[in-house]
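# Topology and contacts: notes
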Amino acid sequence: MNDKKIAIIQRPSAILDLKEGVRRAELAIREASENGAELIVFPESWLTGYPAWVFELAIWDDAEARYWHGEFLAQCPTIDCDRLAPIRQAAADCSVNVLLGLNERARPHAGSIYNSTLLIGTKGQTLNVHRKLTPTHTERIAWAQGDGAGLNVVDTSVGRVGSLICWEHWHPLMRQTMHFQDEQIHISCWPDMADSHIISVKHYAFEGRCFVISAAQFLTASDVPEPLRNAYKKGLGATSSVTADENVFFNGGSGVAGPNGEWVVEPMFDEAGIIYASINLNEVNQYKHDLDVVGHYSREDIFQLSVNRSARKSVILQDDISMTPQAKPT
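Below, the structure is looked at part by part.

Conventions adopted
- Residues numbered from 1 in each chain as written.
- Predicted model: local features only at pLDDT ≥ 70, side-chain atom pairs only at ≥ 80, totals over all residues.
- Heavy atoms only, no water.
- Phe/Tyr/Trp six-rings, centres within 6.5 Å; stacked < 30°, edge-to-face > 60°.
- Helix = DSSP H or I, 4+ residues; strand = E, 2+ residues; numbered from the N terminus.
- Buried < 20%, exposed > 50% of the residue type's maximum accessible area, 1.4 Å probe, protein only.
- Axes fitted to C-alpha atoms, helices over the stretch in contact; angles between N-to-C directions.
- Parallel < 35°, antiparallel > 145°, perpendicular 65-115°, else oblique.
- Left-handed = near helix turned anticlockwise from the far one by under 90°.
- Contact = heavy atoms within 4.5 Å.
- Nonpolar A, V, L, I, M, F, W, Y, C, P; charged D, E, K, R; others polar.
- Pairing = 2+ DSSP bridges.
- Core = buried A, V, L, I, M, F, W, Y, C linked by side-chain atoms within 4.5 Å.
- Patch = residues over 30% accessible without salt bridge, like charges linked within 9 Å, V, L, I, M, F, W, Y side chains within 5 Å.
- Areas by Shrake-Rupley, 256 points an atom, 1.4 Å probe, with all protein chains shown as cover.
- Salt bridge = Lys/Arg side-chain N within 4 Å of Asp/Glu carboxyl O.
- Lys, Arg positive; Asp, Glu negative; His and termini not counted.
- Charge placed at Lys NZ, Arg CZ, Asp CG, Glu CD.

### Section: the packing of aromatic side chains
- With the rule as written, the count across this model stands at 11 aromatic pairs.
- Relative to F250, the ring of Y50 has its centre 5.9 Å away and its plane inclined at 85°; by these criteria the two rings are edge-to-face. With Y50 in the loop between β2 (39-41) and α2 (53-56) and F250 in strand β11 (residues 248-257), this pair connects stretches of sequence that are 200 residues apart. Pair check on accessibility: Y50 and F250 agree, each one buried.

### Some points on the packing of helix α5 (residues 172-180) against helix α6 (residues 195-208)
- The geometry of α5 relative to α6 is characterised by a closest axis approach of 10 Å and an angle of 45° between their N-to-C directions. What the angle tells us is that α5 and α6 run oblique. Judged by the sense of rotation from one axis to the other, the crossing of α5 with α6 is right-handed. Residues R175, M178 and H179 of α5 form the contact with α6, whose participating residues are H203, Y204, E207 and G208.
- Residue classes in the contact of α5 with α6 are distributed as 2 nonpolar, 3 polar and 2 charged.

### Structural notes on the pairing of strand β4 (residues 113-120)
- Along β4, 8 of the 8 residues are buried, which leaves the element largely enclosed by surrounding structure.
- The side-chain alternation of β4 yields two buried faces, one formed by I113, N115, T117 and L119 and the other by Y114, S116, L118 and I120.
- One ladder, built from 8 bridges, connects strand β3 (residues 97-105) with β4; its direction is antiparallel. Counted as the bridge partner of R105 is I113 from β4.

### Structural notes on the nonpolar core
- The biggest cluster of nonpolar side chains holds 26 residues, and the ones touching the most others in it are I40, F42, L47, I87 and V98.
- Only β1 (3-10), α1 (18-34), α4 (85-94), β3 and β4 provide two or more residues apiece to this core.
- Leaving out residues up to four positions away in the same chain, F42 has contacts with I9, A25, A28, I29, V98, L99, L100, G101, C189 and A215.
- Judged by nonpolar contacts, the second largest core, of 24 residues, contains Y50, A65, L73 and A221.

### Comments concerning a negative patch on the surface
- On the surface, a cluster of negative charge is made up of D245, E246, D270 and E271.
- Along the chain, E271 turns up in the loop between β12 (263-269) and β13 (273-280).
- The class for E271 is partly exposed, based on a relative accessible area of 43%.

And the structure:
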């Protein structure tokens, strides 16, 4: 059977509260699974929240900015930490795949954070971690640059799944890298769903001849800690103008586009909830009849792309030479 059921979690994240965010994620996974979902998707940086306050607090040597950076670091998990165990256990108990947008701390005491997506398999195992390659504009205050190690499309029980984050969808070489791996289901993670983001989602689906699961956040003023609300709202800038209610910071817009670039499930705005979609993977092959940008519609005799997918490390620690057993003289 090539029919698959997808769920998108468009419910408020717990800003700067990892324990509560994990609890909400676990409950949502179990609920979506009970309703038949096989792949459950969360928006960009959903776990511990999109750090919009950094745009307002982009001030050199500012005590308030330093304080909130410290709070942010303290709440961001590493990929393998025990604090994510309830999410992994829910995926395993329900035998579902989960794509979680999160703020990832590289090491337990590291000073930088990555905007990442974590793909969890049906046994609770890590299938892939993608770190956003280039945070956009003032986001660079919050997030470090990722590397190419996570530019992978992974075989799962629902098909071949890959993901990109926000404005990565306007990086043509990144798109081509994902298309080349024969993506069937692409997960597109966003904080909000502006008109330009909608265009990008539909374009990616049409270009890649794949299904695009577009996940955007729903967040209100009351979901943000009171001391951060003014900075958070100001940090949203023009984004906040797309909501009819000034107390709604992100108004959702999650939906699913098909391989023809048309909506399978149109974006849902202005309410929290879980969006469900049924897709048929046969359509991926059917629509490649006339367009396959990495196959019969490519010109590899003219264009070639080289991608470095090695994990980047700034320091490589070697064992202490004094601890290395010495060869005995002959």
